[in-house]
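Analysis of the macromolecular model
The lines below spell out each chain.
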Amino acid sequence: MKKLLIVLAFASVSMASMAQDDPTLKYSVATNSFWSNWFIQVGYNYNVFYSNQEHAAAFDNDKSPFKSFRASHGAAVAIGKWFTPSLGLRTKFQGVWGKTVLGATRDKENNSYKNKYWTLNEQILFNVSNMLCGYNPNRVWSFIPFIGGGLTRNMTHDVYAMQLSAGLLNQFRLSNRVALNIELGYNRQESDADGVWQYRTERGWGNKDNYLYAEAGLTFNLGKTASWEKTPDVDAIKALSQAQIDALNAQLNDANSENARLKNLLASQKAAETPKTVKEFVAVPVTVYFHLNKTNSGPSYAADLIDVKNLVDVAKEKNAGLLVTGYADSATGKADHNQWLSEKRAEQVANEIVKMGMSRDKIQTAAKGGVAILSPINLDRRATVELKK
């Protein structure tokens, strides 16, 4: 038995050496919903039964798990769920063919007995790969020890027995939904699980029925997802909110400056010229702000287009043209990309103006590329609209 345990341990270490990871794909994940990350496993196993009666039997040289009188083949099916990338539960059913070795002689034919049985275990799974290396949805190999307990039913001898279970599950990713399993397991059962009861006062290995198996199979991932969602980036959300506040403050400053200019202008004009002065105020350049690397959305995109519409109405009334100029901030992106980005922003606003009822031939576009004109620099992610001179 000691030799068998050494073989199992060596097999696990060997598989560990084949693991492949891409550390650049690690990230934090959020707890999943109840319906996410369920799985079903099916497998074929090679099992060995070491009964407690062998403790006093003359099988010293016949304890190899590869002896035909000792080993059998079986099947397994399990259903489970991962609650986090590192911790899961599964319910596993195994069966249904085994052999029990009894007696104190070396006559294998008289001491080999077939048993029909099944085991049902509830097991806790620990994905050590995710615990130690971080979650990686493209990890090829995952090392997953497990422990649990359950019930054995010997149908041949009409016996039930309690048991403890432990083992190593090695999982190899084939796709987002399917993985290959190589599992080594051990069930430590009450002494009558093989259908033969024998009172013993000894403690330890020899006083229990011991069931070992090696299993190969497949895991099928179920549920809404077969992976995990990233934890929200709080810093990015804060940065976005600050950018929106900065854009609104910039608009407010522009409005205050223009309001002061208007008051001075009104003070120097006659009352009869007031309507013309109002038109002059409405016709000042209008700014549309954009999100980082975006051409069709911004922190106040809808409100900015309302201001553009007011300017379009003035241009149509005066039968004037409009100049749309696109910008990008020089702090992010390469120069050629920023040039392209500023062109696309100008084109996007020009298209919106066409939707407002203005002819495209009255709209001129220009692109300034990456600039550092305004502060903070994210305010340079914009397009301006003004009456053509």
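Remember, predicted model here, so these are calculated numbers, not experimental data.

1. What about the pairing of strand S1 (residues 36–50)?
Pairing analysis gives 13 bridges linking S1 to strand S8 (residues 209–223), with the strands arranged antiparallel. Bridge assignment links phenylalanine 39 to a residue of S8, and that residue is asparagine 221. Here S1 runs beside strand S2 (residues 71–82); their pairing, made up of eleven bridges, is antiparallel. The residue of S2 that forms the bridge with asparagine 45 is glycine 74.

2. Regarding the packing of aromatic side chains
Any aromatic ring pair is given by two values, namely how distant the centres are and how the planes are angled relative to each other. Evaluated as defined, the whole model comprises nine aromatic pairs. Each ring, one from phenylalanine 49 and one from tyrosine 211, has its centre 5.9 Å from the other, and the planes form 70°; the classification is edge-to-face. Pair noted here: phenylalanine 49 is in strand S1 and tyrosine 211 is in strand S8, with a separation of 162 residues, a long-range link. Tyrosine 211 matches phenylalanine 49 in its accessibility class, with the two residues each being buried.

3. As for the environment of serine 191
Positionally, serine 191 belongs in the loop between strand S7 (178–189) and S8. For serine 191, a relative accessible area of 14% translates into the label buried.

4. Description of the nonpolar core
Within the largest apolar cluster, 23 residues are counted, with the highest numbers of intra-cluster contacts made by Val308, Leu322, Val349, Ile353 and Val385. At the level of elements, strand S9 (286–289), helix H5 (301–318), strand S10 (322–329), helix H6 (335–355) and strand S12 (382–387) are the ones that each hand at least two residues to this core. Here the element with the most residues in this core is H5; it accounts for seven residues. Sequence-distant contacts of isoleucine 353, defined by excluding residues within four places in its chain, comprise Val308, Val312, Leu322, Val324, Met358, Ile363 and Val385. In terms of nonpolar packing, the next biggest core, distinct from the first, is built from twelve residues, Phe49, Tyr117, Tyr135 and Leu169 among them.

5. What about the confidence of the model for the chain?
Of all residues in the chain, 75% attain a pLDDT of 70 or more, and the chain-wide mean is 79. Below a pLDDT of 50 lies the segment residues 1–26, which in the model reaches 32 contacts outside its immediate sequence neighbourhood of four places, other chains included. Across residues 277–281, where pLDDT falls below 50, the model places nine contacts with residues more than four positions away in sequence or in other chains.

6. Focus on the pattern of salt bridges
By the definition in use, this model includes seven salt bridges. Arginine 90 is paired through a salt bridge with glutamate 183; the nearest N and O atoms lie 2.8 Å apart. With arginine 90 in strand S3 (residues 87–101) and glutamate 183 in strand S7, this pair connects stretches of sequence that are 93 residues apart. According to the relative accessible area criterion, arginine 90 is buried, its value standing at 1%. Accessibility expressed as a relative area gives 2% for glutamate 183, which makes it buried. The residue glutamate 215 makes a salt bridge to lysine 92 at a minimum N-O spacing of 3.1 Å. In this pair, glutamate 215 sits in strand S8 while lysine 92 sits in strand S3, placing the two residues 123 residues apart along the sequence. Overlapping salt bridges bring together Arg90, Lys92, Glu183 and Glu215 as one network.

7. Looking at H6
Taking 1.5 Å per residue as the helical rise, H6 with its 21 residues ought to reach 30 Å, and the 31 Å between its terminal C-alpha atoms agrees with that figure. Of all the positions in H6, only Asn338, Leu341, Ser342, Arg345, Ala346, Gln348, Val349, Ala350, Glu352 and Ile353 are classed as buried. Residues of H6 that are buried sit in contact with S9, H5, S10, strand S11 (363–371) and S12. Backbone geometry just after H6 places glycine 357 at a positive phi near 105°.

8. A short note on the pairing of strand S6 (residues 159–173)
Two elements, strand S5 (residues 141–154) and S6, share 14 bridges in a ladder whose sense is antiparallel. Across the sheet, residue glycine 150 finds its bridge partner in S6, namely glutamine 163. The pairing of S6 with S7 spans eleven bridges and is antiparallel. In the sheet register, phenylalanine 172 faces S7, and the bridge partner there is leucine 180. Between S6 and S7, which follow one another and run antiparallel, lie four residues.

9. Looking at the sheet that holds S10
Strand pairing in a sheet relies on backbone hydrogen bonds, with the paired strands running either antiparallel or parallel. With mixed pairing, the four strands of this open sheet are ordered in space as S9-S12-S10-S11. Bordering the open sheet on either side are S9 and S11, each of which pairs with just one other strand. Pairs of neighbouring strands in the sheet enclose a mean axial angle of 20°, with direction left out of account. The sheet contact formed by S10 and S11 spans seven bridges and is parallel. Looking at S11, one finds that aspartate 329 is bridged to valine 371. Taken strand by strand, H5 contacts S9, S10 and S12, and its axis lies near 150° from that of S9. Those strands touched by H6 are S9, S10, S11 and S12, and its axis lies near 150° from that of S11.

Reading guide: rules and limits
Residues numbered from 1 in each chain as written. Predicted model: local features only at pLDDT ≥ 70, side-chain atom pairs only at ≥ 80, totals over all residues. Heavy atoms only, no water. Pairing = 2+ DSSP bridges. Helix = DSSP H or I, 4+ residues; strand = E, 2+ residues; numbered from the N terminus. Phe/Tyr/Trp six-rings, centres within 6.5 Å; stacked < 30°, edge-to-face > 60°. Buried < 20%, exposed > 50% of the residue type's maximum accessible area, 1.4 Å probe, protein only. Core = buried A, V, L, I, M, F, W, Y, C linked by side-chain atoms within 4.5 Å. Contact = heavy atoms within 4.5 Å. pLDDT = per-residue confidence, 0-100. Salt bridge = Lys/Arg side-chain N within 4 Å of Asp/Glu carboxyl O. Expected span 1.5 Å × (residues − 1). Axes fitted to C-alpha atoms, helices over the stretch in contact; angles between N-to-C directions.

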